[in-house]
Amino acid sequence: SGKVVKAIIQQGQLKGLQFDKLTKDEYIEMCGFTTEQSPSELDVFLLRSKGMSLQEIAFKLDCDKRTVDRRIQRIKKKILIYEFKKSLLGKDVP
């Protein structure tokens, strides 16, 4: 429900994409982050979840900061959709 999405945002989890290892592994498995484009959503997710800034990620992956920002926006959307489905079903969703 909307309450779950608001709770996630209010906890600041999506702001910096910092999660505990269990949650991070769950998102990697369940959210379908892309791996074929450069930089991939998975690469950006992993670096951002380590606390790296957009600028640091862009430098490390040799791409534009705006590209990293777009990947992060798509990652956040996938996480929110996953969490919304999970809240409706009360379990992991495919």
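Residues numbered from 1 in each chain as written. Predicted model: local features only at pLDDT ≥ 70, side-chain atom pairs only at ≥ 80, totals over all residues. Heavy atoms only, no water.

(A) Region of interest: the side chain of S49. Residue position: S49 is located in helix α4 (residues 41-49). The class of S49 is buried, set by a relative accessible area of 11%. A polar contact of 2.9 Å, which involves the side chain of S49, links it to the backbone oxygen of L46. (Helix = DSSP H or I, 4+ residues; strand = E, 2+ residues; numbered from the N terminus. Buried < 20%, exposed > 50% of the residue type's maximum accessible area, 1.4 Å probe, protein only. Polar contact = N/O pair within 3.5 Å; in protein donor to acceptor, adjacent residues only side chain to side chain.)

(B) Molecular detail of the pattern of salt bridges. Within this structure, the stated rule accounts for five salt bridges. Notably, a salt bridge pairs R74 with E41, separated by 3.0 Å at the nearest N-O pair. With R74 in helix α6 (residues 65-89) and E41 in helix α4, this residue pair connects regions lying 33 residues apart in the sequence. Note on R74: relative accessible area 34%, which makes it partly exposed. Here K78 ties to E41 by a salt bridge, and the two come within 2.7 Å at their closest N and O atoms. In this pair, K78 sits in helix α6 while E41 sits in helix α4, placing the two residues 37 residues apart along the sequence. Connected through shared salt-bridge partners, E26, E83 and K86 make up one network. (Salt bridge = Lys/Arg side-chain N within 4 Å of Asp/Glu carboxyl O.)

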